Amino acid sequence: MGELGRTLHAWRDRVAPADVGLPPGGKRRAPGLRREELALLAGLSVDYIVRLEQGRSDSPSAQVLTALARALRLSDAERNHLFVLAGEVEPSPGRISTYIPPGVQRIVDQLEGAPLCVCDASWTMITWNPLFAALAGDPSPWHGRQRNIIYRHFLAPADRFEQTPEQQRDFRAAMVTDLRASLSRHPNDTDLRALIEELRTVPDFAALWDQPMVGFHRSERKVVRHPEVGPFTIDCDVLAVPGNDLRIVVYTAAPNSEAAEKLRLLSVIGLQELSR
């Protein structure tokens, strides 16, 4: 076992299943996560985790390292050390980060009753909780641009949320403002520039991009057309994470409302559908 494998093993041992929202799972030989659990959290195969820990795998990619750092709840310094051990360049401040700090991950783990997702500075979904997948559709099969909320709005508008003309206008203004700000903070991010160039092929986006307009995210009510539980109205808020350039999109319902009852139904039938 090389240094990378020893370090991954040590970090895995220190993470209790309860810390990441997993059940204890009976008697354990070690106090931390099993390899199967780390693989599930990071979206990797168990065999790949084994090969990494035993030093039998090629250098993992930056995407794999980021997923491992998120699953293991690593600090910024630990994440950077992981990149060094793997022979990868540390995440550059000039590029958009997909790293989720442990505190933000705990929000995702603990807010089980509220559908939510976490997006990076380009509005690409990084992670989400099971209830979000049940509400909006499971993003797991989506890859690349398909996970970007702005891209889906302009180029693949087939989601379950309805917008009034006023809501659409405000949403688009806020998103274009966000992308301009992200480009100013991350001018060397080639993926962000490529996303903007692709969006500019859409006349509606290009017209907004070329206008000197500014928009901001506000709390709003959205109508959900769900195929299983039917239509209902839910509140949506966008929370910024200071110092991390992340956005948390959270959906909530007033207590004892129709929407609250629909969310309770989704927490049962929707999650059962995801587990099939």
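Everything that follows concerns the structure shown earlier in this document.
Residues numbered from 1 in each chain as written. Predicted model: local features only at pLDDT ≥ 70, side-chain atom pairs only at ≥ 80, totals over all residues. Heavy atoms only, no water.

(A) View of the overall build of the chain. When its secondary structure is counted, the chain shows twelve helices and six strands. Relative to the 2.2 N^0.38 estimate, which gives 19 Å for 276 residues, the radius of gyration of the chain is 20 Å and therefore close to what a compact globule would have. When each of the 276 residues of the chain is scored for burial, the buried share is 46%. The contacts in the chain between residues at least 6 apart in sequence include a share of 56% that link residues at least 24 apart. Summed over all atoms, the accessible surface of the chain reaches about 14,200 Å², with 53% contributed by carbon and sulfur. If the 33 positive side-chain charges of the chain are averaged to one point and the 35 negative ones to another, these points end up 3 Å apart. (Helix = DSSP H or I, 4+ residues; strand = E, 2+ residues; numbered from the N terminus. Rg over C-alpha atoms; globule rule 2.2 N^0.38 Å. Buried < 20%, exposed > 50% of the residue type's maximum accessible area, 1.4 Å probe, protein only. Contact = heavy atoms within 4.5 Å. Areas by Shrake-Rupley, 256 points an atom, 1.4 Å probe, with all protein chains shown as cover. Lys, Arg positive; Asp, Glu negative; His and termini not counted. Charge placed at Lys NZ, Arg CZ, Asp CG, Glu CD.)

(B) Highlighting the packing of helix α2 (residues 35-42) against helix α4 (residues 62-71). The N-to-C vectors of α2 and α4 enclose an angle of 115°; their axes lie 8 Å apart at closest approach. Crossing of α2 against α4: the hand is right-handed. Judged by residue contacts, Leu-38, Leu-41 and Ala-42 of α2 engage Ala-67, Leu-68 and Ala-71 from α4. Classifying every residue of the contact of α2 with α4 by side-chain character gives six nonpolar, no polar and no charged. (Axes fitted to C-alpha atoms, helices over the stretch in contact; angles between N-to-C directions. Left-handed = near helix turned anticlockwise from the far one by under 90°. Nonpolar A, V, L, I, M, F, W, Y, C, P; charged D, E, K, R; others polar.)

(C) A nonpolar patch on the surface, seen in detail. Together, Leu-265, Val-268 and Ile-269 line one region of the surface with nonpolar side chains, adding up to about 220 Å² of accessible area. With respect to the helices, strands and loops of the structure, Ile-269 is situated in helix α12 (residues 258-275). (Patch = residues over 30% accessible without salt bridge, like charges linked within 9 Å, V, L, I, M, F, W, Y side chains within 5 Å. Salt bridge = Lys/Arg side-chain N within 4 Å of Asp/Glu carboxyl O.)

(D) Representation of the environment of Leu-65 in the model. Note that Leu-65 resides in helix α4. Judged by relative accessible area, Leu-65 falls into the buried class, the value being 0%. Separated by 34 residues in sequence, Leu-65 and Tyr-99 have C-alpha atoms that sit 9.8 Å apart. Excluding residues within four positions of it along the chain, Leu-65 makes contact with Pro-60, Leu-82, Phe-83, Ala-86 and Glu-88.

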